[in-house]
Amino acid sequence: MADSSTQSIVIDASPDQVAAVICDFPRYPEWTEAMRRAEVIEEYEDGYASQVRFTIDAGVMADEYVLVYEYAEDISRIEWHLAAPSRMQKSQRGSYDLVENADGSTTVTYTLEVELSVGMLGMFRRKAEKMIMDAALKQLKLRVEAPGAAQ
């Protein structure tokens, strides 16, 4: 299994506002650069997505895969894993942990572990993970903090 990478960012919004953007999967293509399509294919009784099909095109890496989601009762943790191997990935596990700060902002910690189907030197894999995580967190912050985005 691959090593996991972790990064954090502070977003000027409540954990509920951040979670609302994270859980609005069909709108990911609006704010996530490599995301071409995100489709909820199965939901829990409470309406949260349990399985989501993603289509990404990041130039050198294009893939379609299904992630299975689980949520903490208070939505302070959103975690996922790959439902089945895809063309590019053997496995993927990840999570967002949302912690409210005293000033009302939220620290979002993103943890990601991906094992690719294609060989990649560890140094390049870590650099790719860092770039993916940097972009994901920055794009999430921009989306949540945009006027009228997460009400």
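Note that the structure is a prediction, hence the values are computed from the model and not measured.

Reading the values: rules and limits
Residues numbered from 1 in each chain as written. Predicted model: local features only at pLDDT ≥ 70, side-chain atom pairs only at ≥ 80, totals over all residues. Heavy atoms only, no water. Helix = DSSP H or I, 4+ residues; strand = E, 2+ residues; numbered from the N terminus. Buried < 20%, exposed > 50% of the residue type's maximum accessible area, 1.4 Å probe, protein only. Contact = heavy atoms within 4.5 Å. Areas by Shrake-Rupley, 256 points an atom, 1.4 Å probe, with all protein chains shown as cover. Pairing = 2+ DSSP bridges. Axes fitted to C-alpha atoms, helices over the stretch in contact; angles between N-to-C directions. Core = buried A, V, L, I, M, F, W, Y, C linked by side-chain atoms within 4.5 Å.

Some thoughts on the overall build of the protein chain
- What the protein chain contains, in helices and strands, is 3 helices and 7 strands.
- Overall, the protein chain shows an N-to-C arrangement of helices and strands of β-α-α-β-β-β-β-β-β-α.
- Relative to its full complement of 151 residues, the protein chain shows a buried share of 42%.
- Put simply, of all contacts in the protein chain between residues at least 6 apart along the chain, 48% involve residues at least 24 apart.
- Carbon together with sulfur atoms contributes 51% to the accessible area of the protein chain, which is approximately 8,500 Å² in total.

Things to note about the sheet that holds strand S3 (residues 49-57)
- With antiparallel pairing, the 7 strands of this open sheet are ordered in space as S1-S7-S6-S5-S4-S3-S2. On the outer flanks of this sheet lie strand S1 (5-11) and strand S2 (35-43), each paired with one strand and no other. Averaged over neighbouring strand pairs, the angle between their axes works out to 20 degrees when direction is ignored.
- Two strands pair when backbone bridges link them, and strand S4 (residues 62-71) and strand S5 (residues 77-82) are joined in this way by 5 bridges, in the antiparallel orientation. Residue pairing in the sheet places Val68 in a bridge with His81 of S5.

Quick word on the nonpolar core
- Of all hydrophobic cores here, the largest spans 39 residues; its most connected members are Val18, Phe54, Tyr69, Ile78, Tyr96, Val108 and Leu140.
- Residues in contact with Val18, not counting those within four places in the same chain, are Ile11, Ala13, Leu98, Thr106, Val108, Leu140 and Val144.

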